[in-house]
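The lines below spell out each chain.
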Protein chains: 2
Amino acid sequence: MALAKKAKVKLRKLIKPELPGGFRDYGTADAILKQRLLEKVRKTFEDFGFDPMETPAVERTEVLTGGEKESGKIIFNIKGSREKGSDSSLRFDLTVPLARFLAANPEVPKPFKRYQIGSVWRGESPQVGRYREFMQADVDIVGSSSMDADSEVIAVMYQVFKNLGLNRFVINISNRKVLNGLPEFAKFPEKKLFEVLRTIDKTDKIGQEAVKKELGKVVGKKAQEKLMEFLSISGDTKTKILRARDLFKGIKVSEEGINELIEIVRNLNAFGVEQINWQINFYTVRGLGYYTGPIFETYLNDLPEIGGMFQGGRYDNLVMAFTGQKIPAVGASLGVDRLFAGLDKLGLLKRKATSVKVLVLNLTPALREEYANLTKTLRSANINTSLYFGDDKAFQAQLAYAVKKEIPFVVIYGEEDKKKGVVTIKNLATREQREVPKGNILQYFKK
Amino acid sequence: MALAKKAKVKLRKLIKPELPGGFRDYGTADAILKQRLLEKVRKTFEDFGFDPMETPAVERTEVLTGGEKESGKIIFNIKGSREKGSDSSLRFDLTVPLARFLAANPEVPKPFKRYQIGSVWRGESPQVGRYREFMQADVDIVGSSSMDADSEVIAVMYQVFKNLGLNRFVINISNRKVLNGLPEFAKFPEKKLFEVLRTIDKTDKIGQEAVKKELGKVVGKKAQEKLMEFLSISGDTKTKILRARDLFKGIKVSEEGINELIEIVRNLNAFGVEQINWQINFYTVRGLGYYTGPIFETYLNDLPEIGGMFQGGRYDNLVMAFTGQKIPAVGASLGVDRLFAGLDKLGLLKRKATSVKVLVLNLTPALREEYANLTKTLRSANINTSLYFGDDKAFQAQLAYAVKKEIPFVVIYGEEDKKKGVVTIKNLATREQREVPKGNILQYFKK
């Protein structure tokens, strides 16, 4: 409506066709590829028995912030232009809405395996490469405390990458329970744990020596040495686990965590998740205070700098804020736009200007009906087909359009062809041109 | 994070797991069906040579309102919680973002055929059955003034319904140009046109007699009679068009409109759009001041009361507000949630609690690896499969879970089966149970 009104008011100032900072379009070529990527992700999730679910973009602000006013820093509030105040906001992840849904629908049979693919919004200051709207693809298993569930989440993460044709990625696996034993193990006060974890988390980035130095500022010399003993765990999976078991002997929470990791390792082998694509990595920490058990994080080997692609873990406090009860849950979240950017950087995105396969040229008004019929025939065989609609009807203009749009085939049909009962199909890539009987047009494209 | 913090603060007030008014979830059963519906819609759009495109949920408010402050009534403003003011809002349709995109990317080859499927938001007061977030699926052809384009939009609307298995629907077709000749035809002042159209638009709802009465209040008696002459046009397509041509003889704009309709009719026949599913309906008006040529609107025959499902028309002022230039465009917008509600009312939605086909029972810890293998085998054949993860491992509990989740098949495998080299597959619908050699499990499901 607004646009039409504008059309009448002639000399009005033109509006700049710009997006707000931190937002972006996916033009045709990118949208085609993103669409295919999402189809593969969705199919993999469904193969694994995850069902879709949808929650709205908007939630009550209190639901998102957990009732804490100060924690609402990164969210977008929304306000109907007729309304005074606002108590609604755009979701910043898909996990809080899942928790709200499950608390509101306790009858849902458990274990509940759902996936959700959707946009989330964060009101952070826009920076290069950081967007305020981005798409997440989440899988979660709610209502199972078995390590089978954690293993399955890792297996589906693995399979998503494999199905996307990626081989050079690694899933880092750790367990918060192991880390929670660190104060007892290294004998430093419990309240220093978060700071210690924050420091350990930097190991992959800044290296062991720098971490050692930083740890020295947080805890005493003896604790620092013990922590370095832990951080120097290395070797293959078996060696790492045996060494950890040795170090944490008698520390109950860590022992529990290590036993969970042993179960996961056993499952991953059974599920056929190749060892080359995962490792136990005790430096992996992930969000403080959120996860309660195993944690996972995926990197592309060739692009460690763009960060985690698909991450998650066990968080048994999911619906706590709504019901006061614990419920076991484990899940992971794929950053779709980040993965897209990663695939692009690796040169794995072969952009095409269109998914249209055939352009039927619109040459002779008298043959309109036959063009329509040819078009219909191709479409009914699921061959994406356009009939030329441009205002410039010259043959050369129509051909130039196909070339510009990167449509691979054009169908040419004129009065002469009609007499002969043929159509001419031109392959614009090979420039090969072939006459085929009009009735055989589908056969041509089937090969 | 917020949730985890909460977990520590014990006696805190619980948060109500409620949605804001006007928003809703799609639970698993609905989301599965909506997903399938969208896949069909998307496939149909692509068959017709439309390519996907994505714009963000958020646009600059000025872009959405066309720079008019007062027109921002129904939109949602968004504001990062750190920010002072707001000049961004949630999109209320997918057409304005398309216009903004095209103005910003003038190099895009024309004709440009794109589809976009996404949520839009309107800050209206929530009412029963009216939501503040809903999904639209739009097709548009930009850069063609040919009636071929308008016809194709109608053809794709038709094919979407057919591909969804719907036969009882009708696409009403009219032309704003015909209506624009009414002041000259019935001799009433131009400035009364909008009011006259608003009244005519009610014909299908309140009937001709009531419309006649209302017209009497807007225009003089003579004009009223002439308008009724127009409104009484009836019969088959040919009769309607001939009668209209007769009535509007010499009124240039209307004649142009009628000629456009004649071209569309000819094309629809060529495209195989069955006459039973469309009609010329001169009462169809659609949004005032927006459309500039042909207009279309689709109703389900059995549910006229829930309103238009898929509607659009030609709007050649698309990018005017940004560039000051006209660009020919025609398109239509499918109301996905309304269509979903319509299919539901018609009893056409067969809900299933899950899309999982097979549950592999998790009976004996020693067979873990074999369960994982069976699961993997089924998944690799794209059979949606879950391995049971519940904390209650009793056989009956596992079976009850499958029944509750409506999973059609369970795979049973224990020590005895292992010795015999078989698995037992139980069809929960027929209660039929069959032993098959372990290696033949895929064959069982292939039939």
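Further up the page is the structure itself.
Here the structure is a predicted model, which means the values were calculated and not measured. Just so you know, the residues in each chain are numbered from 1, in the order the chain's sequence is written. Starting at A for chains and at 1 for ligands, labels are handed out in the order in which the entities are written. Residue-level local features of this predicted model are given only where pLDDT is at least 70; pairs of side-chain atoms are given and counted only at 80 or more, and the full residue set underlies all totals for whole chains, interfaces and linings.

Undergrad: Can you walk me through the overall build of chain A in this structure?
TA: Strands here are runs of E lasting at least two residues and helices are runs of H or I lasting at least four, both read from the DSSP assignment and numbered beginning at the N terminus. Scanning chain A from terminus to terminus reveals 19 helices and 16 strands. Only the C-alpha atoms count toward the radius of gyration. The rule for a globule is 2.2 Å times the residue count to the power 0.38. The globule rule puts the C-alpha radius of gyration for 447 residues at 22 Å, and the 28 Å found for chain A is more than 25% above it. Seen through its C-alpha atoms, chain A measures out along the principal axes to roughly 95 × 55 × 45 Å. Three exposure classes are used, based on other C-beta atoms lying within 10 Å of a residue's own C-beta, which is placed from the backbone: buried for 20 or more, exposed for 12 or fewer, and partly exposed in between. The buried share of chain A, reckoned over its 447 residues, is 47%.

Undergrad: Where do I start with the sheet that holds strand β12 (residues 358–360) of chain A in this structure?
TA: Backbone-to-backbone hydrogen bonds pair the strands of a sheet. The strands run either parallel or antiparallel. All names here are of chain A. By this definition, two strands are paired if DSSP reports at least two bridges between them. Read across the open sheet, the five strands follow the order β13-β12-β14-β15-β16; overall the sheet is mixed. Two strands in the sheet have a free side with no partner beyond their single neighbour: β13 (385–387) and β16 (433–437). Between one strand axis and the next, the sheet turns by 25 degrees as a mean value, whatever way the strands run. Sheet topology places strand β15 (residues 422–427) next to β16; five bridges connect them, and they run antiparallel. Only C-alpha atoms enter the line fits that serve as axes; for helices the fit covers just the stretch in contact. Angles between N-to-C directions range over 0 to 180 degrees.

Undergrad: Hey, could you run me through the packing of helix α5 (residues 147–163) of chain A against helix α13 (residues 252–270) of chain A in this one?
TA: Axes are the key here: two packed helices are described by the angle between their axes and the distance separating the axes. All names here are of chain A. The contact between α5 and α13 brings their axes to 9 Å, and the two run at 50 degrees. Taken as axis vectors, α5 and α13 run oblique relative to one another. Between α5 and α13 the crossing geometry is right-handed. Within the contact between the two elements, α5 uses Met 147, Asp 148, Asp 150, Ser 151, Ile 154 and Ala 155 and α13 uses Glu 260, Glu 263, Ile 264, Asn 267 and Leu 268. Here the term charged refers only to Asp, Glu, Lys and Arg, the term nonpolar to Ala, Val, Leu, Ile, Met, Phe, Trp, Tyr, Cys and Pro, and the term polar to all other amino acids, Gly among them. Across the contact of α5 with α13, the residue classes tally to five nonpolar, two polar and four charged. Under this scheme an angle from 65 to 115 degrees is roughly perpendicular, one under 35 degrees roughly parallel, and one over 145 degrees roughly antiparallel; angles in between are oblique. Helix crossings get a hand from a simple test, with the near helix turned counterclockwise from the far one by less than a right angle marking a left-handed crossing and a clockwise turn marking a right-handed one. Contacts here follow a simple rule: the backbone-placed C-beta atoms of the two residues must lie within 7 Å.

Undergrad: Whenever I open this one, the interface of chain B and chain A confuses me. Can you help?
TA: Interfaces are frequently sized by the accessible area removed from exposure as the parts join. Across the boundary between the two partners, chain B contributes 110 residues, which contact 110 residues of chain A. Looking at the side of chain B that touches chain A residue by residue, the class counts come to 45 nonpolar, 35 polar and 30 charged. Relative to strand β3 (residues 76–80) of chain B, strand β3 (residues 76–80) of chain A runs antiparallel, the two being bridged by five bridges. Opposite Phe76(A), over in β3(B), you have Gly80(B) as the bridge partner.

Undergrad: Help me understand the relation of the copies chain B and chain A in this model?
TA: To go from the first copy of the chain to the second, apply a rotation about an axis and then a shift along the same axis. Least-squares fitting of one copy onto the other uses the C-alpha atoms of those residues that reach a pLDDT of at least 70 in both copies. With an RMSD of 0.0 Å, the fit of chain B onto chain A corresponds to turning through 180 degrees and sliding 0.0 Å along the axis. The superposition of one copy onto the other is thereby described by a two-fold rotation axis. Closest to the rotation axis within chain B is the C-alpha of Ile78(B), separated from it by 2.2 Å.

Undergrad: Help me out: how do you make sense of unusual backbone geometry in this one?
TA: A negative phi holds for most residues other than glycine; trans holds for most peptide bonds. Residue and element names in this part refer to chain A. Here the amide bond leading from Lys 110 into Pro 111 is cis, since omega sits at -5 degrees, within 30 degrees of zero. Relative to the helices and strands, Pro 111 is located in the loop between α4 (95–104) and β5 (112–121). The residue Lys 187 is not glycine, and still its phi comes out positive at about 55 degrees. Looking at the element boundaries, Lys 187 is found in the loop between α7 (182–186) and α8 (193–200). With phi around 65 degrees, Arg 431 is a residue other than glycine that occupies positive phi space. Take Arg 431: it is sitting in the loop between β15 and β16. For Arg 431, a count of 7 C-beta atoms within 10 Å translates into the label exposed.

Undergrad: Is there a simple way to think about the sheet that holds strand β8 (residues 278–280) of chain A in this case?
TA: Residues and elements named next belong to chain A. Strands sit in the order β1-β5-β6-β11-β10-β9-β7-β8 across an open sheet of eight strands; the sheet is mixed. Edge positions in the open sheet fall to β1 (51–52) and β8, since each of these has one partner strand only. Helix-sheet contacts for helix α2 (residues 28–47) involve β5, β6 (133–142) and β11 (329–335), and the interaxial angle to β5 is about 155 degrees. Running over the sheet, α13 touches β7 (169–175), β8 and β9 (294–300) and is turned about 150 degrees from β7.

Undergrad: Which parts of the structure should I look at to understand the pairing of β15(A)?
TA: Walk down a regular strand and you will see the side chains alternate between the two sheet faces. All names here are of chain A. Examined bridge by bridge, strand β14 (residues 409–412) and β15 share four bridges and lie antiparallel to one another. Its bridge partner being in β15, Phe 409 is matched across the sheet by Asn 427. Connecting the antiparallel pair β15 and β16 is a turn made up of five residues, with Arg 431 showing a positive phi of about 65 degrees.

Undergrad: Honestly, the nonpolar core in this entry has me stumped. Any pointers?
TA: Side chains of a nonpolar character, in soluble globular proteins, are inclined to be buried together. To define a nonpolar core, we join buried Ala, Val, Leu, Ile, Met, Phe, Trp, Tyr and Cys residues through C-beta atoms within 7 Å and take the resulting set. Membership of the largest hydrophobic core comes to 226 residues, with the highest contact counts inside it found for Ile154(A), Met157(A), Ile154(B) and Met157(B). In this view, Ile154(A) contacts Ile171(A), Ile173(A), Ile264(A), Leu268(A), Val273(A), Trp278(A) and Phe296(A); residues no more than four positions away in its chain are not counted.

Undergrad: Can you walk me through the packing of helix α10 (residues 208–218) of chain B against helix α11 (residues 221–231) of chain B in this structure?
TA: Residue and element names in this part refer to chain B. Taken N-terminus to C-terminus, the directions of α10 and α11 make an angle of 150 degrees; their axes are 10 Å apart at the nearest point. Taken together, α10 and α11 sit at an angle that is classed as roughly antiparallel. For the crossing formed where α10 meets α11, the hand is right-handed. In this structure, α10 contributes Gln 208, Val 211, Lys 212, Leu 215 and Gly 216 to the contact, and α11 contributes Gln 224, Leu 227, Met 228 and Leu 231. Class assignment for the residues of the contact of α10 with α11 results in five nonpolar, three polar and one charged.

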